[in-house]
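An overview of the molecular structure
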Amino acid sequence: GEEVKRIESAGADWVHLDVMDGIFVPNITIGPVVISSVRKLTKMPFDVHLMIQRPMKYVKMFADAGSDMLTIHVDADGDVKETLKAIRDCGVRPGITLNPGIPVEKLDPYLDMVDLVLIMTVDAGFGGQSFKDVGLSKIARVKEYAESHNPKLEISVDGGINRDTGKRCVDAGATVLAAGSSLFGAADMKKEIA
Ligand code: ZN
């Protein structure tokens with residue numbers, strides 16, 4: 001709770017919450033109960049990144065917990081289109097994402113169903129990894145799509161984001177930067193966010 005208030009006063013626009021289930025990724029983080037507790041502390045939009053198998057099963061739970069955006073992995077078990085539709089039907093903005101090793105073309109069948117595309121620039125599952133350049137060309141490709149089909153599409157980047165890699169992502173077309181270690185480890189979070 002204190003950290004959420006800290007990032008709000010440091011000028012963050014959204015809270016990016018990484019949900020890991022110990023199955024889709026080896027690590028375990030938080031679930032809907034923690035998200036609904038934190039929800040009471042801020043009006044900042046909650047951008048919830050589900051690194052979980054069978055996300056369909058949990059859509060309603062995460063919607064009810066107060067998610068504003070719910071992003072699923074393209075290679076998670078289950079029907080991607082059905083899951084994205086279920087997210088929208090719950091009144092939440094759907095997002096799609098993929099790990100660095102997966103070609104960006106895998107997103108094509110879903111681009112017209114989402115409000116957000118999340119480009120992973122590290123492998124999902126752990127914080128503190130360094131940025132993988134492969135994300136930059138993916139951002140540029142999604143930007144090309146957004147310009148011709150959906151100018152409101154958010155292009156978010158997650159993994160190894162700091163003041164240097166963040167700038168390179170924005171130059172490539174990113175509209176949202178999800179940063180963890182570089183902000184929480186900074187002496188002055190406000191300056192780093194700016
Ligand atoms: Zn994330």
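Use the structure listed above.
The notes below deal with the structure included here. As the structure is a computational prediction, the values presented were derived from the model and not from experiment.

Let's talk about the side chain of Ser67
Positionally, Ser67 belongs in the loop between α3 (59-64) and β3 (69-73). Residue class for Ser67 comes out buried when judged on its relative accessible area of 7%. There is a polar contact of 2.6 Å between the side chain of Ser67 and the backbone oxygen of Phe62. Apart from residues lying up to four places away in sequence, Ser67 is in contact with Phe46, Val48, Phe62 and Val92.

With respect to the nonpolar core
Val48, Ile96, Val117 and Ile139 are the most contacted members of the largest nonpolar core, which has 51 residues in total. It is helix α5 (residues 134-149) that contributes the most residues to this core, 5 residues altogether. With near-sequence residues (within four places) excluded, Ile139 lies in contact with Ile119, Ile155, Val157, Cys169, Ala172, Gly173 and Ala174. By size, the runner-up hydrophobic cluster in this structure holds 11 residues, among which are Phe24, Met69, Ala76 and Ala124.

Concerning the sheet that holds β3
Read from one edge to the other, the open sheet built from 7 strands follows the order β1-β2-β3-β4-β5-β6-β7, with strand pairing classed as parallel. Pairing within the sheet leaves two strands with one partner each, and these edge strands are β1 (15-20) and β7 (176-178). Taken pair by pair, the neighbouring strands of this sheet meet at an average axis angle of 25°, ignoring direction. With 5 bridges joining them, strand β5 (residues 116-120) and strand β6 (residues 154-158) adopt parallel strand pairing. When the bridges of β6 are listed, Val117 appears paired with Ile155. Against the sheet, helix α2 (residues 32-39) makes contact with β1 and β2 (46-51), and its axis sits at roughly 170° relative to β2, the strand it touches most. Sitting on the sheet, helix α4 (residues 80-89) touches β3 and β4 (93-98), and the angle it makes with β4 is about 145°.

Some thoughts on the pattern of salt bridges
Scanning the model with the defined rule gives 13 salt bridges in all. Linking Glu3 and Arg6 is a salt bridge whose minimum nitrogen-to-oxygen distance equals 3.0 Å. One end of the pair, Glu3, and the other, Arg6, are both in helix α1 (residues 2-9), 3 residues apart, so they sit about a helical turn from each other. Glu3 gets classed as partly exposed once you look at its relative accessible area, which sits at 38%. Asp64 is the salt-bridge partner of Lys60, the closest N and O atoms lying 2.7 Å from each other. Residue Lys60 and its partner Asp64 are both found in helix α3; the two are separated by 4 residues, about one turn of the helix. As far as the burial class goes, Lys60 and Asp64 line up, both exposed. In the salt-bridge network here, residues are joined through shared partners; they are Arg88, Arg93 and Asp115.

Thoughts on the packing of α5 against helix α6 (residues 163-172)
If you want to describe how two helices pack, look at the angle between their axes and the distance between the axes. At their nearest, the axes of α5 and α6 sit 8 Å apart, and the two run at 30° to each other. As the angle between them shows, α5 and α6 are arranged roughly parallel. The two elements α5 and α6 meet at a crossing, and its hand is right-handed. Contacts between α5 and α6 involve Leu136, Ile139, Ala140 and Lys143 from the former and Arg168, Cys169 and Ala172 from the latter. Of the residues assigned to the contact of α5 with α6, the class counts are 5 nonpolar, no polar and 2 charged.

Some words on the coordination of the zinc ion
For the zinc ion, the protein coordination sphere consists of His16 (NE2), Asp18 (OD), His49 (ND1) and Asp158 (OD), at 1.9 to 2.1 Å. Each of the 4 donor atoms around the zinc ion contributes to a set of angles spanning 94 to 157°, which defines the coordination as irregular. On the primary sequence, the residues serving as donors to the zinc ion are separated as H-x1-D-x30-H-x108-D. Of this pair, His49 sits in strand β2 while Asp158 is found in strand β6, placing the two residues 109 residues apart along the sequence.

A short note on the packing of aromatic side chains
For the structure on display, the rule yields 0 aromatic pairs. For Arg39, the ring lying beneath its charged end belongs to Phe46, and the centroid distance is 3.8 Å.

How each quantity is defined
Residues numbered from 1 in each chain as written. Predicted model: local features only at pLDDT ≥ 70, side-chain atom pairs only at ≥ 80, totals over all residues. Heavy atoms only, no water. Helix = DSSP H or I, 4+ residues; strand = E, 2+ residues; numbered from the N terminus. Buried < 20%, exposed > 50% of the residue type's maximum accessible area, 1.4 Å probe, protein only. Polar contact = N/O pair within 3.5 Å; in protein donor to acceptor, adjacent residues only side chain to side chain. Contact = heavy atoms within 4.5 Å. Core = buried A, V, L, I, M, F, W, Y, C linked by side-chain atoms within 4.5 Å. Pairing = 2+ DSSP bridges. Axes fitted to C-alpha atoms, helices over the stretch in contact; angles between N-to-C directions. Salt bridge = Lys/Arg side-chain N within 4 Å of Asp/Glu carboxyl O. Parallel < 35°, antiparallel > 145°, perpendicular 65-115°, else oblique. Left-handed = near helix turned anticlockwise from the far one by under 90°. Nonpolar A, V, L, I, M, F, W, Y, C, P; charged D, E, K, R; others polar. Donors = N, O, S within 2.8 Å, 3.2 Å for Na, K, Ca; no water. Tetrahedral: all angles 85-135°; square planar, octahedral: opposite > 155°, others 65-115°. Phe/Tyr/Trp six-rings, centres within 6.5 Å; stacked < 30°, edge-to-face > 60°. Lys NZ or Arg CZ within 6 Å of the ring centre and 35° of its normal.

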